[in-house]
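Take a look at the letters that make up each chain.
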Amino acid sequence: MPAQPAAADTTPRLLVVQVVEETRTVGDFQQVFAWCGDGSEAISGGVEAAAPSVGYDAVALVASFPYARYGENKARGWVADARNFGGRPPP
């Protein structure tokens, strides 16, 4: 019996990767969004919460998750919830 031809590979390819960053100083609690450009979607994400040695008692990362608009199945960005337990940072 002859061999069957291989099926065409239709796996989507990752053509371009862009790192999107957003830096904010948060007060008591704040959501921070990092948005993907038009036609792009989030494939991964992460967050770092850091406090300088002066002016903060403690900063914590509360949540980190992809953001998709209602009814869409593609993540358009990344959300981070951060909390500064020391209150508002000095200006």
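Notes on the structure follow.

Below, the discussion takes up the overall build of the chain. Scanning the chain from terminus to terminus reveals 0 helices and 3 strands. Each helix and strand of the chain, ordered N terminal to C terminal, gives the series β-β-β. Counting the 91 residues in the chain, one finds 18% classified as buried. Put simply, of all contacts in the chain between residues at least 6 apart along the chain, 58% involve residues at least 24 apart. Accessible surface computed for the chain: about 7400 Å², of which carbon and sulfur atoms make up 52%.

Right, let's talk about the sheet that holds strand S1 (residues 29–35) for a bit. The strand order S1-S3-S2 describes an open sheet built from 3 strands, whose pairing is antiparallel. On the outer flanks of this sheet lie S1 and strand S2 (59–67), each paired with one strand and no other. Strand-to-strand twist across the sheet, computed as the mean angle between neighbouring axes with direction ignored, equals 20°. Of the strand pairs in this sheet, S2 and strand S3 (residues 77–84) are connected by 8 bridges, and their pairing is antiparallel. Residue Ser 64 lies in a different strand from S3, and its bridge partner there is Ala 80.

This part takes up the pattern of salt bridges. One pass over the structure, following the stated rule, counts 1 salt bridge. In this structure, Arg 24 and Glu 22 form a salt bridge, with 3.1 Å as the shortest nitrogen-oxygen distance.

The next thing to look at is the layout of surface pockets. Quantified by volume, the largest pocket comes out at close to 1000 Å³. Every residue lining the largest pocket is counted, 39 residues in all, and those nearest its centre are Val 20, Glu 21, Ala 34, Gly 46 and Trp 78. Listing elements by their share of the lining of the largest pocket, those giving two or more residues are S1 and S3. Taken together, the residues of the lining of the largest pocket sort by class into 24 nonpolar, 9 polar and 6 charged.

Relative to the helices and strands, Arg 83 resides in strand S3. The partly exposed category is assigned to Arg 83, whose relative accessible area is 30%. Setting aside chain neighbours within four positions, we find Arg 83 in contact with Gly 27, Asp 28, Phe 29, Ala 58, Val 59, Ala 60 and Val 62.

Okay, the side chain of Asp 81 next. Its place among the elements puts Asp 81 in strand S3. Of the buried charged residues, Asp 81 lacks a salt bridge, with Arg 83 as the closest side chain of opposite charge at 10 Å. The residues contacting Asp 81, other than those within four sequence positions of it, are Phe 29, Gln 30, Gln 31, Ala 60, Leu 61, Val 62, Ala 63 and Phe 65.

The rules behind each value
- Residues numbered from 1 in each chain as written.
- Predicted model: local features only at pLDDT ≥ 70, side-chain atom pairs only at ≥ 80, totals over all residues.
- Heavy atoms only, no water.
- Helix = DSSP H or I, 4+ residues; strand = E, 2+ residues; numbered from the N terminus.
- Buried < 20%, exposed > 50% of the residue type's maximum accessible area, 1.4 Å probe, protein only.
- Contact = heavy atoms within 4.5 Å.
- Areas by Shrake-Rupley, 256 points an atom, 1.4 Å probe, with all protein chains shown as cover.
- Pairing = 2+ DSSP bridges.
- Axes fitted to C-alpha atoms, helices over the stretch in contact; angles between N-to-C directions.
- Salt bridge = Lys/Arg side-chain N within 4 Å of Asp/Glu carboxyl O.
- 1 Å grid on protein atoms, 1.4 Å probe; cavity = no way out; pocket = protein on both sides within 12 Å on 5 of 7 lines; lining within 4 Å.
- Points joined across faces, edges and corners; volume = space filled by probe spheres on them.
- Nonpolar A, V, L, I, M, F, W, Y, C, P; charged D, E, K, R; others polar.
- Lys, Arg positive; Asp, Glu negative; His and termini not counted.

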